[in-house]
Amino acid sequence: MKISKPEISQQNDNFLYQVNVSFSDGTKPLWYSVSSQFRDLISDRADAPLVALLIPAMARGEAIHVEGVISEKLYYNLSGLYQRILQSIIPSLHLIDIYPSEVQSSSQKALGVATGFSAGIDSFSALADHHYNKDVPAGFQLTHLLYNNVGSHAGGGEILFKKRYEALKPLVDERIGLPFVAVNSNVQSFYKGFSFQQTHTPRNASVALLLQNGIGRYLYASAYTYTDTFIGKTDSNAYSDLITLPLLSTESLEAFSVGSEYTRVQKTLQVAEIEDSYQALDVCVRGDHESGNCSVCWKCMRTQLTLDIAGILDRYTNVFDLEAYQRQRSAYIVRTLQDKNVFSQEIISFAAVREFEFPPVLKLQADFPPLQYFVKKISRY
Ligand SMILES: [Zn+2]
C-alpha cells in the first residue's frame, strides 16, 4: 500500500485533507473534510491516514509506504506494539512493515482538549467530568466537541451524519457552548468486511490526529470499566481502549480513554444530574433514526429501566416514549434477569441496592422460561 503526501485544499466552506492510496484493490483517495473555521486545527502530517489505513493494510498483508511526515512516537508504536494488539483482537490480520519517507518528533503541543459528542451516556459522562465539572484542571477542560463520519452512521452514511449533526448543533451551541467540529470522511469505504464496533478506535483516533495542530488532548469516552479491560479476540475493540489509545498518540497529541472508573449504572445516574441531557439524551442503537430514541431497542430499554429503578425516569419524558417503554418493560425485565451480560448484572445489583422489587411473576418467568409462553397466552384473554 502506498499513501501519497497529504494535500490540503479549500473547497467552498470546507478544508479538504486528502491522500491517494494505491493498494491491491486499485487506487482511490482517502479524504477528510472540516469546516473552514477550524482550518487552524488541521495538521499537515501523514499520521491520520496511516492510523486509518493500518487495519486495511494488515488485512491484505501489504507493507505501507507513506510519503509525508510521520510522528516518531506514533511510528514506533504502530510498527510493532499496536499491530500485535490488533492481531489479538482480529486474528486474521497480518503483521506488516511501515516505510515512512520522513519520521520527525513533533515539538509543539497544542492546547485544545477534545472529545466526540453523540449525546449518549458515555459522551455526556465525559462532559460531566470535563466540562460541567469546573474543578477539573484547565488542561483537561474540554475546548472542542467532535462529530465524526467514520462509519457510525451505518447505511445512512453522509446524509444521516449531516442530519444528526444538525439535530445536535443547537444544544451544543446554545446550552453547552463549545465549538462543535464536524469531520466528514470516506474512511468507512476502506473497512469493508469489518464491523464498526471492532474498529472504531483507530478510525476516530485518525480524526484526532488530523486535528493535532490545535488539539493536544483527545479524550475517548470509554464503554467499559477497568476490570472489564482485556486484550484478545472480541467483536468490540473498546475492551482494550485503555491500552491502545496511548499507542495512537504522538508528541503533540495525547489520546486516552476516560470514564472507566464508572459502571454503566453509575454513568447513567451521573448523566441524570445534567439538565441539558433531559432534552437531548440519545442512546438509541437503531441506525435508521435521524435523531431521538426509538424507546424500545435494547439500549433505550436498558437506560430507561436504570432510570426507572432510580425513580427518575420522568426527567426524560421529552426524549423517551414512556408508554412504549411500559409496553416492553415486563418482557425486558425477564430478559435482564436471565442475561449474564455485565451490564444486565449491574442493573440487577443496582435494583437490590435500591430495594427495587421486580414483580415476582417476572422473576418466576426468568427462572422457568416455559412459563413465559403460558403468561403470553393468558395475557391475550
Ligand atoms: Zn432505541
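Everything discussed here concerns the structure shown above.
Residues numbered from 1 in each chain as written. Predicted model: local features only at pLDDT ≥ 70, side-chain atom pairs only at ≥ 80, totals over all residues. Heavy atoms only, no water.

By the element assignment, Asn148 lies in strand S8 (residues 144-149). With relative accessibility at 9%, the residue Asn148 sits in the buried group. A polar atom in the side chain of Asn148 sits 3.0 Å from the side chain of Asn204. Leave out the neighbours within four places in its chain, and Asn148 touches His153, Phe161, Val183, Asn204 and Val207. (Helix = DSSP H or I, 4+ residues; strand = E, 2+ residues; numbered from the N terminus. Buried < 20%, exposed > 50% of the residue type's maximum accessible area, 1.4 Å probe, protein only. Polar contact = N/O pair within 3.5 Å; in protein donor to acceptor, adjacent residues only side chain to side chain. Contact = heavy atoms within 4.5 Å.)

Turning our attention to helix H11 (residues 342-353). Taking 1.5 Å as the rise per residue, H11 with 12 residues should run 16 Å; its terminal C-alpha atoms sit 16 Å apart, in good agreement. Every buried residue belonging to H11 is among Phe343, Ser344, Glu346, Ile347, Phe350 and Ala351, and all of these are buried. In an axial view of H11, the angular spread of the buried residues amounts to 155°, which keeps them on one side of the axis. Turned more than 90 degrees away from the buried face of H11, the exposed residues are Ala352 and Val353. (Expected span 1.5 Å × (residues − 1). Arc of directions from axis to C-beta.)

For the rest of this paragraph, the subject is the packing of aromatic side chains. Applying the stated criterion across every chain yields a total of 16 aromatic pairs. Ring centres of Phe23 and Phe190 lie 5.9 Å apart, and the angle between their planes is 35°; this geometry places the pair in the tilted category. Taken together, the residues span a long stretch of sequence, with Phe23 in strand S3 (residues 14-23) and Phe190 in the loop between strand S9 (180-185) and helix H6 (196-210) at a distance of 167 residues. The two residues Phe23 and Phe190 agree in class, both being buried. Ring geometry for Tyr147 and Phe161: centres 5.8 Å apart, planes at 10°, overall stacked. Note that Tyr147 is positioned in strand S8 and Phe161 in helix H5 (residues 157-176), a separation of 14 residues in sequence. Neither residue differs from the other here; Tyr147 and Phe161 are each classed as buried. Here the guanidinium or amino end of Arg302 rests over the ring plane of Phe343, the centre of that ring lying 4.6 Å away. (Phe/Tyr/Trp six-rings, centres within 6.5 Å; stacked < 30°, edge-to-face > 60°. Lys NZ or Arg CZ within 6 Å of the ring centre and 35° of its normal.)

In this section: the pairing of S9. Taken across its six residues, S9 has six buried, putting it largely inside the fold. Every second residue of S9 is oriented toward a common face, with Phe180, Ala182 and Asn184 on one face and Val181, Val183 and Ser185 on the other, all of them buried. The pairing of strand S4 (residues 26-35) with S9 spans three bridges and is classified as antiparallel. Paired with Ser33 across the bridge in S9 is Asn184. Where S8 lies against S9, five bridges are found, and the strand directions are parallel. Considered in S9, the bridge of Asn149 is made with Asn184. (Pairing = 2+ DSSP bridges.)

For the rest of this paragraph, the subject is the layout of surface pockets. When its volume is computed, the second largest pocket comes out at roughly 380 Å³. If you go around the second largest pocket, you meet 21 residues; those closest to its centre are Asn14, Ser33, Ser35, Tyr165 and Ala182. Mapped by element, the contributors of at least two residues to the lining of the second largest pocket are S3, S4, H5 and S9. The residue makeup of the lining of the second largest pocket, split by class, is 10 nonpolar, six polar and five charged. (1 Å grid on protein atoms, 1.4 Å probe; cavity = no way out; pocket = protein on both sides within 12 Å on 5 of 7 lines; lining within 4 Å. Points joined across faces, edges and corners; volume = space filled by probe spheres on them. Nonpolar A, V, L, I, M, F, W, Y, C, P; charged D, E, K, R; others polar.)

With that out of the way, let us pick up the packing of helix H8 (residues 264-271) against helix H9 (residues 298-310). In a packed pair of helices, the relevant descriptors are the angle between the two axes and the axis-to-axis distance. Following both chains from N to C, one finds H8 and H9 inclined at 70°, their axes separated by 10 Å at the closest point. With respect to H9, the axis of H8 lies roughly perpendicular. Contacts from Arg264, Val265, Thr268 and Leu269 in H8 reach Arg302, Thr303, Thr306, Leu307 and Ala310 in H9. Residues that form the contact of H8 with H9 fall into these classes: four nonpolar, three polar and two charged. (Axes fitted to C-alpha atoms, helices over the stretch in contact; angles between N-to-C directions. Parallel < 35°, antiparallel > 145°, perpendicular 65-115°, else oblique.)

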